[in-house]
Structures are given as C-alpha cells and as structure tokens.
Amino acid sequence: MDLPSGFSLQASSGTGASVNQTQINTGTAGTAGTAGIGGAGGAGGAGPNGTLQCDDGGDGGKGGNGGNGGNGGNGTNGLRYAIGIQNSGISPSLNNSPAITVNSSTSGGGVPLVGGYTATISHGCTNSDIPMSWASGAYSNLGTGGALVNNITNSTTTYTTSSPISAYYTSTGFKTLVIGNTLNEYLYIGTTRTPPAFNPTIPTNICVGTPITLGCDPNSPSTSTAFEWTIQAQPVTGVSTNPTPTYTFNVEDPGSVTLPNATSCPITYQIRLRVQDRCCGWSILSMPTITVEPTINNNTITPPAYSCFLFDRRPCQLNGALPTGGLCPTQYQWQLNGTNIAGATSEDYNPPLLTAGTYNYVRNVIGGQCPSSTSNTVTINVNAPPTVTAIPSPGTVCAGQTLQLDANAIAGTGAIASYSWATGTYLNATNIQNPVFNATSLSSGTYTVTVTATDENNCTATATTAISVAPLPTLSNPPTATTICSGQTASYTPTGTFAISTYSSETNSPTVTGNTVSGIGNISDVLVNSGTTNATVTYTVTIGTANNCAVDYTWESPLHPLHRHLVSQLSTAIIFVPMMQETSV
C-alpha cells in the first residue's frame, strides 16, 4: 500500500472489518493565500500526481496576490491518503496529522472488524521485504504471488503463519490477505523490482587461496541508499544461531575477498546480500553459496618389504598414507606404469599375481578445484626365478658304491650364484653343483636329497631327488682256480641271489683255443693247448641284480699242453701236465 514512511493503516477493535478499495489520491490543492486588505488572494494550484507509487504528490500552487493587501500564502504540499470503507464499529483513522475519519454511516456494507492489523509498507514493490503484524490469529493466504521471506537459505525461513512475518510479492496489483477473515485488496504492489544481482557472478567452487570479487547491480527502480553484505560458513541453522560472519560489508562493491580454509575438507560459505532502495525499502536476500576446497597434502605410498611376497609371486599390499585436503570423501585412483588400474580406487592397493617385469605404482588423489595430487612412485621389480633339476632323479646306487649327482640349473633374470644341498651327510660336499653321493656305509633303502639354486637377485629354485641304495648280488659257490690238461672241459655253474650272470674269458697264449670270449649263464669250454708249455685261461663271472648292481668274480685256469698226464687238480688254476717219457733201464 502506498503510504509515506511511518504511515500505516490501523483498524481498531470492533465487530470486525474489511478494508476495501484502498487507493492513492493525487496531492490536494494548495491552501489559498490570506486575503489582503483588498480582495482575497487566489486559490493555490493543485499539486501533480507522483510518478511512482512511493513518490510524493507535487506542491500545491502558490496563492494569488490579495487585491490591495499582502500576497497570498504558498500552498502546502499535496497529501496522499487511503480511504477505508466500513459499516460499523469504531471508525478507522490514519495515524498521520491531520487525521482522516470516515463516518461509518455514510456507506453500506456490514464487514466486521477483526483485531488490529498493521502493514508497515514503506514501498509497494515486488521482491521487497514487507514486515506485517497483527493482534491474534494466523494467516492462511498472503494473496497472489505472496510468500514468506526466506531469511536462512534460498528455500528456508524462520517465519511461521503467526504474527509477525515478513512477506514479499513476485507480482504487482492489489493483494487480498486472509488473516482470520478476508481483507480484500489490503495491499497494493505497484512497482516491479528485481533482486540485486552479483557482478561478477559468484563461482560455485574455488581452491583455497583463490580470491573472489564482490560487486553487485542493485537492479532497483530508484537510488540505492544502503547495502548489507554478510559472508558466513554453513550450515546456517537460524537467524539467531548463525555462525559468526567471516566478513561483513556495507558498500556496493566490496572488491577482492579471499575465503579461508584451514581444515582437511571443503568448507561451504553463504554470501548474503540485500539492498535498500529509496522507493522500495530493503530487497529480499540473495544468498548464493561458494565451496572452498583445501589443497591436497600427505599423499604418499609405502612399498611392501622385499621379503613380503606371497607364495604365488604376489607382493603384499601397498599402503597409502591418509591425505588431507581435496574432496571429502577422498577420491583415489591407482595407476600402473601410467595407466589407471580398473577398480583400484581405495586408500591402499593389493596387487595381483605378477609375472617377471618392472612395475611402477602411483596413487592419485583427485581434486575438484584444487589440482589433483600424484604420490611418490613405488617400483617393484619381479625377476624371473631360476629353474633347477637334480640329476639323476630318481637315482640308484649299489651298496658300498658312489653316485655322481648334478644340479642342472637354468638362470632366470640373474646368474646362478650358489648351490646348497640338504641331507648332506651322504655327500662329499654341500655347496657345489655336482657332489658325490657315497653309499659305502649305507644300508639298503631310499634317501632324499634336495638342492637349492640361488641367483644374484636372491631368487631361488629347488629340486628334490630320491636315491635308492640297492643291495649287491651274492654268489653261494664262488669259483676256484682249477688246473686242467689240454682237451679237457673247463666248467662252472654260478648259484646265489642274482638276476643275471655273464662271463668272459681271455688267454695269455695264442696256442690256447676253445675258450668262449663272452657269454651268459654257465661256463662249459673244452680248452686245447697246442703248445709245448703251460698256458693260462682267465675267466671273469659277473652276477647282477635288476637294479644293475653287479659283482665280478675272476679266476685263472692253468692249461697244460697236449700229451701230458694230469698230475693234480689245484685250487687256483687248471694246469695241463705233459705226458711222462719212457726211459730204458
């Protein structure tokens, strides 16, 4: 409603009332000048209408000069006023001077008065803060385009339906309110106003240390008379419980401002601005928010201990320190050799099975407005291990004999540096590639030995072999040397615990024939010595087992020439004796 500053409409108690057709009149004519001694002065001219709802009417015209008397006095300023029409009860009045009283008997109606209503309307403009109060009850309708002023955030207010409230309107025209009863056309919003705009625009997010510039376009119909800036951290929970403002200003363009953030997570600030206009009073609040993100620190990762590799060549977990700053919750991305690892978005990372190669790991902590942070690099070199085979595998050695072992190692990434044999009590050495297994004092059975090959990168490979100690064959009738004569049979049948029996023979004289050079089984040779002197046939019998364990038996058979009589059978050789020559007596 169009009233001067401090001018309000009062409806006092009665049986209830409704205020109808509130209107704005032009200024009244100026008071006529006082008549002089001569004729009376002329009447003052009428003041012009105001151009805006909040403008005063023009001054009344100057009174005309008196006839022969003094000049007429100046006319007074025009006066704006509203007329309320009612039927009964105490007549409403305007609280300015002179008072205007409307006689209730001069118009029909019958609208009852309810309580006392006050609308302190400095300016009837859209998007302006209009305080209202009444004695009792609650409102149920503020009229077309009417709403409570949001004084906490862009969508929340501390006001309720009870008195007092602050309302604003987004459309012009007469406004009918319902406060208990209907107040027809109680307010008149005649001027369009837009809220103040930020120039430049306030960004939504910034990195700490980045200044912003505060300035505004008042967007008001007339001269701005005051500015109110407040910057405070969220959350904003109420008018009386707001956090202490970080900054306050009362100028149109405060200029460059840097918002602090000494925490490890983003802080959101609310920037509040309202402008007072000479015509429209205080605007509703403009309340954008801006989030200040802290820089990222403490982004480091720790490699696993060299010894901390699992059985499947998978290193233990790479641990990352808890960073500060950036976004909350913190967003991670692990990379391998410069490429993002799918799904690796946690604080720590557990690598999978690694084949031979070089692996460079980093952890990125993702920033919003502040730059992302890349950690130190952890390099894991996975060396190809050596391979080794124990030869023979398995192996067999005859009791009382020895067996040559060998570690057949093939290098991986690094050269073979050393060998180590376990169960070394049977070996002549435990730190060489090819030790000798000694079964001289071992009984029959199976013995396990393990070899480990270590390369220059400390990578190892192991192999195990089982060595069986096999028993020797036995002969129950060892052969003895027998001397025979030429033409007789040299025979031998071995008996005992063996799987096979072979033999061979050789003679020391070319005059001996009939001996089998080599054979299997029993010996049965008819030996002939065609010479004139004794000769010798040497036999070797070899008995063996299925494990290839063998024992040799060798003996000599002395062989006499032809035409000699057999004299005796010796235990060590077969000897042919020449025949006796007859002598005459």
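Because the structure is a prediction, the values reported are computed rather than measured. (Residues numbered from 1 in each chain as written. Predicted model: local features only at pLDDT ≥ 70, side-chain atom pairs only at ≥ 80, totals over all residues. Heavy atoms only, no water.)

**Overview of the state of the cysteines**
(1) Moving on: Summed over the entire model, instances satisfying the criterion amount to four disulfides.
(2) Moving on: Here C207 engages in a disulfide with C370; their sulfurs sit 2.0 Å apart. Taking the sign of the torsion about the S-S bond as the criterion, the disulfide between C207 and C370, at about 100 degrees, is right-handed. Taken together, the residues span a long stretch of sequence, with C207 in strand β11 (residues 205-207) and C370 in the loop between β24 (357-366) and β25 (373-374) at a distance of 163 residues. Assigned by exposure class, C207 and C370 land together as buried.
(3) Moving on: A sulfur-sulfur distance of 1.8 Å marks the disulfide that ties C265 to C328. (Disulfide = S-S within 2.5 Å. Helix = DSSP H or I, 4+ residues; strand = E, 2+ residues; numbered from the N terminus. Buried < 20%, exposed > 50% of the residue type's maximum accessible area, 1.4 Å probe, protein only.)

**So, the sheet that holds strand β5 (residues 139-141)**
(1) Moving on: Across the sheet, three strands lie side by side as β5-β8-β9; this open sheet has antiparallel pairing. Edge positions in the sheet fall to β5 and β9 (181-189), since each of these pairs with one other strand and no more. Averaged over all pairs of adjacent strands, the angle between their axes in this sheet comes to 35 degrees, without regard to strand direction.
(2) Moving on: Pairing of β5 with strand β8 (residues 173-179) involves two bridges; the strand directions are antiparallel. The partner of Y139 across the bridge, within β8, is I179. (Pairing = 2+ DSSP bridges. Axes fitted to C-alpha atoms, helices over the stretch in contact; angles between N-to-C directions.)

**Quick notes on the pairing of strand β42 (residues 523-526)**
(1) Moving on: Side-chain alternation along β42 places I523 and D525 on a buried face and S524 and V526 on a face that remains uncovered.
(2) Moving on: Examined bridge by bridge, strand β37 (residues 489-492) and β42 share four bridges and lie antiparallel to one another. Looking across to β42, one finds that Y492 is bridged to I523.

**Side note on the nonpolar core**
(1) Moving on: Ranked by size, the top nonpolar core spans 23 residues in total, and within it V388, L405, F437, V451 and V469 carry the most contacts.
(2) Moving on: Taken together, the elements giving at least two residues each to this core come down to β27 (387-391), β30 (406-410), β31 (416-422), β33 (445-455) and β34 (460-470).
(3) Moving on: Here L405 is in contact with I391, P392, W421, L427, Q433, N434, P435, F437, V449 and I467, once residues within four sequence places are set aside.
(4) Moving on: Formed by 18 residues, the second largest nonpolar core is a distinct cluster that contains I271, V275, I290 and V292. (Core = buried A, V, L, I, M, F, W, Y, C linked by side-chain atoms within 4.5 Å. Contact = heavy atoms within 4.5 Å.)

**Considerations on the sheet that holds strand β28 (residues 395-398)**
(1) Moving on: Read from one edge of the open sheet, four strands run β28-β34-β33-β31, paired in mixed fashion. Two strands close off the open sheet at either side, each with one partner strand: β28 and β31. Strand-to-strand twist of the sheet, defined as the mean angle between neighbouring strand axes without regard to direction, takes the value 25 degrees.
(2) Moving on: Pairing of β31 with β33 involves six bridges; the strand directions are antiparallel. Within β33, the residue paired with S418 across the bridge is T454.

**Considerations on the confidence of the model for the protein**
Detail in the predicted coordinates should be disregarded across regions flagged by low pLDDT.
(1) Moving on: Summarising the model, the protein shows a mean pLDDT of 79, and 74% of its residues fall at 70 or more.
(2) Moving on: Strand β23 (residues 339-340) holds the highest mean pLDDT among the elements of the protein, 98, whereas strand β1 (residues 9-10) holds the lowest, 34.
(3) Moving on: In the predicted structure, residues 1-30 sits below a pLDDT of 50 and forms 108 contacts with residues beyond four places in sequence or in another chain.
(4) Moving on: With pLDDT under 50 throughout, residues 564-585 is counted as low confidence; its partners more than four residues away or in other chains account for 72 contacts. (pLDDT = per-residue confidence, 0-100.)

**What about the packing of aromatic side chains?**
(1) Moving on: A complete count under the given rule lists eleven aromatic pairs for this structure.
(2) Moving on: Summarising the aromatic geometry, the rings of Y426 and F437 are spaced 5.5 Å apart at their centres and angled 55 degrees between planes, so their arrangement reads as tilted. A residue pair is termed long-range when its members are at least 10 positions apart, and Y426 in the loop between β31 and β32 (436-438) and F437 in strand β32 qualify at eleven residues.
(3) Moving on: Following the ring pairs from residue to residue traces out a cluster consisting of W334, Y349 and Y361.
(4) Moving on: In this structure, R274 packs its charged tip against the face of W282, placed 4.2 Å from the ring centre. (Phe/Tyr/Trp six-rings, centres within 6.5 Å; stacked < 30°, edge-to-face > 60°. Lys NZ or Arg CZ within 6 Å of the ring centre and 35° of its normal.)

**Considerations on the pattern of salt bridges**
(1) Moving on: Inspection of the entire model under this criterion finds one salt bridge.
(2) Moving on: Between R274 and E228 there is a salt bridge, and its shortest N-O distance comes to 3.2 Å. One end of the pair, R274, is in strand β17 (residues 267-277); the other, E228, is in strand β14 (residues 224-233), and 46 residues separate them in sequence.
(3) Moving on: Accessibility expressed as a relative area gives 19% for R274, which makes it buried. (Salt bridge = Lys/Arg side-chain N within 4 Å of Asp/Glu carboxyl O.)

**Notes on the pairing of strand β44 (residues 535-544)**
(1) Moving on: In terms of residue burial, β44 counts as a mostly covered element, since eight of its ten residues are buried.
(2) Moving on: Sheet analysis places strand β39 (residues 500-507) next to β44, joined by eight bridges and oriented antiparallel. Considered in β44, the bridge of T502 is made with T542.
(3) Moving on: Bridge count for β44 against strand β45 (residues 550-560) is ten bridges, and the pairing is antiparallel. Paired with V541 across the strands is Y553, a residue of β45.
(4) Moving on: The turn linking β44 back onto β45 is made up of five residues, and N548 within it adopts a positive phi angle of 65 degrees.

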